[in-house]
Amino acid sequence: MAQPMHTPDTDIGLWLQQQTDKSLLRFLTCGSVDDGKSTLIGRLLYDSQLILDDQLASLKKESHNRTTGDEGIDFSLLVDGLTAEREQGITIDVAYRFFSTDKRKFIVADTPGHEQYTRNMATGASNADLALVLIDARKGVLTQTRRHSFILSLIGVKHVVLVVNKIDLVDYDEAVFDRIVAEYRAFAAPLGFKTLEAIPVSALRGDNMLAQSPNTPWYGGPALVPYLETIDVSEDRSAQPFRFPVQWVNRPNLDFRGFSGTVASGAIAVGDEVLIASSRKPAVVKRIVTMDGDLDQAIAGRAVTLVLDREVDISRGDVLSRPGETPEYSNQFQARVIWMSEEPAYPGRSYLLKVGAQTISATITDLKFRTNVNTLEQTAATKIDLNEVATVTLATDKPIAFDSYKTNALTGGFILVDRLSNATLGAGTIDFGLRRAQNLTYQAFDVNRDVRATMKGQSPQIIWFTGLSGSGKSSVANLLERRLTAEGKHLYILDGDNVRHGLNKDLGFTEAARVENIRRVAEVARLMADAGLIVLVSFISPFRNERRLAREIAGDLRFSEVYVDTPLEVCEARDPKGLYKRARAGEIKNFTGIDSPFEAPEHPDLVLHGAQFEVAQLADQLYDWLKI
Amino acid sequence: MQSQSLTHLQALEAESIEILREVAASFERPVMMYSIGKDSSVLLHLARKAFYPSKIPFPLLHVNTTWKFREMIAFRDSMAEKYGFDLISHTNPEGLANNINPFDHGSSRYTDIMKTQALRQALNAGRYDAAIGGARRDEEKSRAKERIFSHRNANHAWDPKNQRPELWKVFNTRLNPGESMRVFPISNWTELDVWTYIYDQGIELPSLYFAKPRPVVDRSGTLIMVDDERMPLEPGETARMEMVRFRTLGCYPLTGAIRSDAADLPSIIMEMQASRTSEREGRLIDSDSVGSMEKKKQEGYF
């Protein structure tokens, strides 16, 4: 074995100082399934003497019955942590590993190679300064190599090391190495990496890991570890425009009001003027507070508490910057999204978006195109599936402060969260803000909803019926309409018959089309209610997300979700239009209750039990409850 | 002008502070686990820094098995008094009533009842929606894959195959009713980082970490300190005074001491650098079977 990476110094004070002053390099390893990523990391840990006696013993025990290298050790066992992975012999999640040399501390994200775990690779890449792209010398550049490289560029990893592994298995052939490197460089040229170094390596045997290998005399470049120790990845974040996302308002007593957060970029000093992104109000930094004492200035990466010279309205999520170099502030922007959920993304659906310390409702308003992660080809799309990358326009409920991801990853990277399950569904990088959104302000008319409602003598609202086909929604809506109209109220019913044949006749019955169908209906309902009408909407509307969307579109209008709860057997027995029979016969696809799910409301405003009461009784129950 | 980039310790400290602030800002009822060991001591120090000049805006929870080293309890109480944090100590009442102990009931059953179940009781009783812990990814293989904000279902269980993707520092802190989050602010620290930070910041530790003569018995190669009279001695067995210290602190009957002369921080760090065994080896809980920690975590262990 080559020289160990470091030797403890006997001069304790000096050694400790050295430990304290080391820099940090975060990198990730990616490559396809059998390229030997885990083996490479295992080798790094082994060579840096981080494999301790008890771990080595347990490693040798576990290496029994496995394919091993010369040392009788399966290095990959060191990093493949979860039982399921050990059983399947693959890496399925991001594992973080740590090692250090005399010069640097390293945090390694070991990420999976399979296509279905693209999301985990993006996760690992998001905090990495550099990436090792592994290639099996016998196989060359593969589809997965291209996919990983594209994701690296999407996430903005600037430095790449092309590790041509298993070079021993091609007899240390220079021509093989040169061919692979040439092919990769040609492919990676448009991806915009700042540095790209190619190194021939055998992780199993240790060639070109710590020092140049005698087996590759034709290779004149650096060995892997020395290269990682010395490469300069600092973006000099302190030289960029100042950004300070306020994380927490620090208010221990009436005499102290500070704003805690981490300097995302740039630097700030006492006496500097700052601008609050949301209000555009200025203030001057009076103190930079830490427990170790006040600072004169704070650079990028420091977690501090700022005290300003005046009372200004600032809360969590606000971003402080300097006048003249402010972040964008808009409610619409273009972004690239990586989808990470089994449930596809649809335009029109509402999600929670988190960027920095800001969390806000957001909707994909336009799906521009999908990028094939293997070929980089761009194609039209109506939805984004798991592990797909798409370019979209997003609209948020209120304007937010952000930068383009290219200029600032910490203020330009966001996640999308499901409003019901709270799962992280996707991640995105902002390309640019769409300024036109800022100019779009609603005209305030003198004649408003209140005026129109008063003229009609009623309070406009939306009553949204949901339930299976044949559950009795339309029958109840009709009876209610008749009764209220008789009382002099003005109503309108929106249902499949009058919407599907006109406004929405361009829509089919796929999930994407159903989402759009509901969105349009909800918008029309809102306009009608705004015009002063009481709107009854009678749609199966099987998905919680869309009903929630409808409620959101309604805004401050009264919105009552009425669930006509009639069991499937009863609906199917009624079958007023013969649709169930046709669905069962396979003549109608995506029929709710048969081959498409109905998500019952969790908290409807009112439940009508369609199997227990006559339609007239149901209409009475609703009438009594509504108190119109 | 000072240097324009942070050292790795400064970077780790800032990252941890940001995580702690995110917890305080995002959850309604956070709590910080306090186990009195070195990692907890670092966590406490970071929490004080994160919220200064405010006090730590959440309580510290100690799951007391009643078998901790006596000095740990004294140290815990002195810290609470010195820094004025809100301390909650919880012991599983059924376990206590049934006198569950590591000698009669075996380490795995004892750990389950007095630690895992006790922890669940305390978290349920406090209706805590976020529990901050001092686990690090370098400790053990399944920890290496855990998120910093690690989601738990209503039964406090971890689903390693269904973890939320965690990108940049944009943490998804949202929960449904009954669910909770475990948060690990020092995930990216190594054991050496912890020690050098303690040295750099002058953080106080229980003296059990430092070598001095202590009464120990040798149980199949593991040195167990006789901390009180409850420790059953085998016939003819007597405690011997030996120069020992502890690399981790826990329940004294389950925590092996190592022979050492390292009586101050620099000596400990040097000794650790030269040593060839990992710190969890002294804990009897991991060695049951391959994957045992992962299994415990799925059941709700920290």
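Look up: the structure comes first, before these words.
Values in this document were obtained by computation on a predicted structure and should not be read as measured data.

1. A few points about the nonpolar core
Okay, step 1: The biggest cluster of nonpolar side chains holds 78 residues, and the ones touching the most others in it are Phe27, Leu132, Leu152 and Tyr184 of chain A.
Okay, step 2: Among the elements that line this core, the one with the most residues is helix H7 (residues 174–188) of chain A, at seven residues.
Okay, step 3: Not counting chain neighbours up to four residues away, the residues in contact with Phe27 of chain A comprise Leu44, Phe99, Phe106, Ile107, Val108, Ala109, Ala128, Leu130, Leu132 and Leu228 of chain A.
Okay, step 4: Membership of the second largest hydrophobic core comes to 75 residues, among which are Ala303 of chain A together with Ile17, Val42 and Ala47 of chain B.

2. Considerations on the packing of helix H1 (residues 8–26) of chain B against helix H7 (residues 191–201) of chain B
Residues and elements named next belong to chain B.
Okay, step 1: The contact between H1 and H7 brings their axes to 11 Å, and the two run at 95°. Considering their axes alone, H1 and H7 lie roughly perpendicular with respect to each other. Contacts between H1 and H7 involve His8, Leu9, Leu12 and Glu13 from the first element and Asp193, Thr196, Tyr197 and Gln201 from the second.
Okay, step 2: Partitioning the contact of H1 with H7 into residue classes produces three nonpolar, three polar and two charged.

3. Topic: the sheet that holds strand S25 (residues 558–565) of chain A
All names here are of chain A.
Okay, step 1: Spatial strand order, S23-S24-S22-S25-S26: five strands in an open sheet with parallel pairing. Each edge of the open sheet carries a strand with a single partner, namely strand S23 (491–495) and strand S26 (606–609). The average undirected angle you get between the axes of adjacent strands in this sheet is 20°.
Okay, step 2: Two strands pair when backbone bridges link them, and strand S22 (residues 461–466) and strand S24 (residues 534–538) are joined in this way by five bridges, in the parallel orientation. When the sheet's bridge partners are listed, Trp464 is paired in S24 with Val537.

4. Here's the deal with a negative patch on the surface
Residue and element names in this part refer to chain A.
Okay, step 1: Together, Asp171, Asp173, Glu174 and Asp178 line one region of the surface with negative charge.
Okay, step 2: Take Asp178: it is sitting in helix H7.
Okay, step 3: The exposure class of Asp178 is partly exposed, given its relative accessible area of 40%.

5. Points about the pattern of salt bridges
Residue and element names in this part refer to chain A.
Okay, step 1: If you walk through the whole model with that rule in mind, you get 47 salt bridges over all chains.
Okay, step 2: Where Asp385 meets Lys383, a salt bridge forms, and the shortest distance between an N and an O atom there is 3.7 Å.
Okay, step 3: Taking the relative accessible area as the measure of exposure, Lys383 reaches 29% and is therefore partly exposed.
Okay, step 4: Overlapping salt bridges, with partners in common, bring together Asp506, Glu516, Arg519 and Arg520 in one network.

6. So, the packing of aromatic side chains
Residues and elements named next belong to chain A.
Okay, step 1: If you walk through the whole model with that rule in mind, you get 25 aromatic pairs over all chains.
Okay, step 2: Ring geometry for Phe27 against Phe99: centres 6.4 Å apart, planes inclined by 85°, an arrangement best described as edge-to-face. In this pair, Phe27 sits in strand S1 (residues 23–31) while Phe99 sits in strand S2 (residues 95–100), placing the two residues 72 residues apart along the sequence.
Okay, step 3: On the basis of relative accessibility, which here comes to 1%, the residue Phe27 falls in the buried class.

7. Thoughts on the pairing of strand S8 (residues 222–225) of chain B
Residue and element names in this part refer to chain B.
Okay, step 1: Sheet topology note: the strand S7 (residues 212–219)/S8 ladder contains four bridges and is antiparallel. Looking at S8, one finds that Val216 is bridged to Met225.
Okay, step 2: Hairpin connection from S7 to S8: two residues lie between these consecutive antiparallel strands, with Ser220 at a positive phi of about 40°.
Okay, step 3: With two bridges joining them, S8 and strand S10 (residues 256–259) adopt antiparallel strand pairing. Following the sheet pairing, Leu223 is matched in S10 by Ala257.

8. Comments concerning the sheet that holds strand S13 (residues 303–308) of chain A
Okay, step 1: Here six strands make up a closed barrel; going around it, the order is S7-S8-S13-S11-S10-S14 (chain A) and the pairing antiparallel. On average, each strand axis in the sheet is tilted by 50° relative to the strand beside it, whichever way the strands run.
Okay, step 2: In this fold H1 of chain B packs onto strand S7 (244–253), strand S8 (256–262) and S13 of chain A, with an angle of close to 65° to the strand it touches most, S7 of chain A.

9. Considering empty space enclosed by the protein
Okay, step 1: In this structure the tally under the stated criterion is seven cavities of 30 Å³ or more.
Okay, step 2: If you trace the second largest cavity, you find 16 residues lining it, with Pro245, Gly356 and Leu410 of chain A together with Glu18 and Lys169 of chain B closest to the centre.
Okay, step 3: Looking at the lining of the second largest cavity, the elements that each hand over two or more residues are S7, S8 and helix H9 (409–412) of chain A together with H1 of chain B.
Okay, step 4: Grouping the constituent residues of the lining of the second largest cavity by class yields eight nonpolar, five polar and three charged.

10. A few points about the packing of helix H5 (residues 118–126) of chain A against helix H6 (residues 143–155) of chain A
All names here are of chain A.
Okay, step 1: Relative orientation of the contacting elements H5 and H6 amounts to 45°, with a least axis distance of 10 Å. In terms of their interaxial angle, H5 and H6 are classed as oblique. In this structure, the crossing between H5 and H6 has a hand that is right-handed. Every residue of H6 that contacts H5 at Thr118, Met121, Ala122, Ala125 and Ser126 is listed here: Arg147, His148, Ile151, Leu152 and Ile155.

11. Here's the deal with the side chain of Arg152 of chain B
Residues and elements named next belong to chain B.
Okay, step 1: Relative to the assigned elements, Arg152 resides in strand S5 (residues 149–152).
Okay, step 2: Of the residues examined, Arg152 reaches a relative accessible area of 0% and is grouped as buried.
Okay, step 3: Here the side chain of Arg152 touches Ser150 through a polar contact of 2.9 Å, side chain to side chain.

Cut-offs and rules
Residues numbered from 1 in each chain as written. Chains lettered and ligands numbered in written order. Predicted model: local features only at pLDDT ≥ 70, side-chain atom pairs only at ≥ 80, totals over all residues. Heavy atoms only, no water. Core = buried A, V, L, I, M, F, W, Y, C linked by side-chain atoms within 4.5 Å. Buried < 20%, exposed > 50% of the residue type's maximum accessible area, 1.4 Å probe, protein only. Helix = DSSP H or I, 4+ residues; strand = E, 2+ residues; numbered from the N terminus. Contact = heavy atoms within 4.5 Å. Axes fitted to C-alpha atoms, helices over the stretch in contact; angles between N-to-C directions. Parallel < 35°, antiparallel > 145°, perpendicular 65-115°, else oblique. Nonpolar A, V, L, I, M, F, W, Y, C, P; charged D, E, K, R; others polar. Pairing = 2+ DSSP bridges. Patch = residues over 30% accessible without salt bridge, like charges linked within 9 Å, V, L, I, M, F, W, Y side chains within 5 Å. Areas by Shrake-Rupley, 256 points an atom, 1.4 Å probe, with all protein chains shown as cover. Salt bridge = Lys/Arg side-chain N within 4 Å of Asp/Glu carboxyl O. Lys, Arg positive; Asp, Glu negative; His and termini not counted. Charge placed at Lys NZ, Arg CZ, Asp CG, Glu CD. Phe/Tyr/Trp six-rings, centres within 6.5 Å; stacked < 30°, edge-to-face > 60°. 1 Å grid on protein atoms, 1.4 Å probe; cavity = no way out; pocket = protein on both sides within 12 Å on 5 of 7 lines; lining within 4 Å. Points joined across faces, edges and corners; volume = space filled by probe spheres on them. Left-handed = near helix turned anticlockwise from the far one by under 90°. Polar contact = N/O pair within 3.5 Å; in protein donor to acceptor, adjacent residues only side chain to side chain.

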